[in-house]
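Results of the structural survey
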Number of protein chains: 2
Amino acid sequence: MNTEVTIDMQRASQLLKLLGDQTRLTMMKLLQSHECCVCEFVEIFKMSQPAISQHLRKLRDIELVKEERRGQWVFFSINESHEDYPFIQTILEHLPEQNESIAELEAQGLRVCCQ
Amino acid sequence: MNTEVTIDMQRASQLLKLLGDQTRLTMMKLLQSHECCVCEFVEIFKMSQPAISQHLRKLRDIELVKEERRGQWVFFSINESHEDYPFIQTILEHLPEQNESIAELEAQGLRVCCQ
DNA sequence: TGCTTATATAAGCATATGATTATATAATGA
DNA sequence: TCATTATATAATCATATGCTTATATAAGCA
């Protein structure tokens with residue numbers, strides 16, 4: 001017995017199912033270190049815009065990510081205040097950094113900055 | 001950057017997808033503290049024997065669990081030597097103990113012992 | 001040997017999932 | 001205002017998933 005907060009099984013399996021898709025899992029890992037907008041994900045994953053939006057919607061529906069419109073773009077970021085974020089975080093910690101994808105974007109001049 | 005071993009994204013999402021089913025996730029948590037045979041799981045989950053066997057097969061196919069026949073019964077246990085067991089373990093640590101199901105089994109005299 | 005219990009596996013089926021295509025909405029800028 | 005760019009959403013579809021039913025296999029026991 002320890003003092004850690006546990007998460008109920010139904011909730012846990014729901015979260016794991018969402019992370020059990022390689023695209024969404026990679027999105028979450030990426031978002032841990034960088035905010036990204038939809039068109040950046042489209043580039044990174046070489047996937048259609050609706051496909052990307054639908055993955056992001058699933059992550060947003062259970063509030064794992066937050067969205068914020070800035071001009072034309074909608075930026076997504078990790079919701080660190082999520083009740084289950086500590087759980088999510090320990091999972092993501094085991095995954096390799098995805099900085100390469102971001103670096104590629106930058107190299108191609110496709111990284112979106114809107115400050 | 002830390003010294004932790006990471007697990008590639010494809011492998012990670014495959015494992016998370018498997019754990020993203022409440023039955024299999026609960027099986028894994030149970031198996032962490034108790035070996036169980038198929039008929040015990042049938043009782044615990046109130047689920048058909050083929051359904052249980054099929055979940056166990058998926059867990060066994062990627063070697064998250066080991067099986068061992070003892071007489072009529074086939075006992076399943078966690079494969080702690082699995083390359084990715086540390087990853088699995090950190091996930092399971094966040095989940096509530098499932099001792100109650102085992103206790104119920106024992107109360108009903110349905111716990112299988114074959115020594 | 002034949003019956004019972006435990007388990008595995010195959011086939012079938014309903015639902016879930018993740019993509020595509022088409023279209024709507026929202027912001028920007030000429 | 002109109003065209004362009006970014007995004008969301010709806011409809012559709014192929015495939016994956018998880019269950020059921022039916023059946024096969026394996027061990028124990030009378």
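I will try to describe carefully the structure that is included in this document.

Reading guide: rules and limits
- Residues numbered from 1 in each chain as written.
- Chains lettered and ligands numbered in written order.
- Predicted model: local features only at pLDDT ≥ 70, side-chain atom pairs only at ≥ 80, totals over all residues.
- Near = placed C-beta within 6 Å.
- Helix = DSSP H or I, 4+ residues; strand = E, 2+ residues; numbered from the N terminus.
- Nonpolar A, V, L, I, M, F, W, Y, C, P; charged D, E, K, R; others polar.
- Least-squares fit on C-alpha atoms with pLDDT ≥ 70 in both.
- Contact = placed C-beta atoms within 7 Å.
- Pairing = 2+ DSSP bridges.
- Axes fitted to C-alpha atoms, helices over the stretch in contact; angles between N-to-C directions.

Our next topic: the protein's contact with DNA strand D. Close to DNA strand D lie 24 residues; Cys-37, Cys-39 and Pro-50 of chain A together with Ser-48 and Gly-71 of chain B are nearest. Those elements that provide at least two residues to the surface near DNA strand D are helix H3 (38-45), helix H4 (49-61) and strand S3 (73-78) of chain A together with helix H4 (49-61) of chain B. If you tally residues by element for the surface near DNA strand D, the top one is H4 of chain A, at 6 residues. Partitioned by chemical class, the residues of the surface near DNA strand D number 10 nonpolar, 10 polar and 4 charged.

Right, let's get into the relation of the copies chain B and chain A. For these two chains of identical sequence, chain B goes onto chain A by a turn of 180 degrees and a shift of 0.0 Å along the axis, with RMSD 0.0 Å. Interpreted geometrically, this transformation is the action of a two-fold axis. In this assembly the copies share their binding face: 100% of the residues contributing to the interface of chain B also contribute to that of chain A.

As a measure of interface size, the accessible area lost when the parts come together is often cited. Taken together, the contact pairs 23 residues of chain B with 23 residues of chain A. Of all the secondary structure elements, the ones that give two or more residues to the side of chain B that touches chain A are helix H1 (9-19), helix H2 (22-33) and helix H5 (85-93) of chain B. With 7 residues, the top contributor of residues to the side of chain B that touches chain A is H1 of chain B. In the side of chain B that touches chain A, the residues fall into 10 nonpolar, 8 polar and 5 charged.

Attention shifts here to the sheet that holds strand S2 (residues 65-70) of chain A. All names here are of chain A. An order of S1-S3-S2 is seen for the 3 strands of this open sheet, with the pairing classed as antiparallel. Single-partner strands in this sheet number two, and they are strand S1 (36-37) and S2. Bridge analysis of S1 against S3 gives 2 bridges, and the strand direction is antiparallel. Across the sheet, residue Cys-37 finds its bridge partner in S3, namely Phe-75. Of the strands in this sheet, S1, S2 and S3 are in contact with helix H2 (residues 22-33), which crosses S3 at around 90 degrees.

For the rest of this paragraph, the subject is the protein's contact with DNA strand C. The environment of DNA strand C is formed by 24 residues, the closest being Ser-48 and Pro-50 of chain A together with Cys-37, Cys-39 and Pro-50 of chain B. Counting residues per element, the surface near DNA strand C draws most heavily on H4 of chain B, which supplies 6 residues. Its residues placed into classes, the surface near DNA strand C shows 10 nonpolar, 10 polar and 4 charged.

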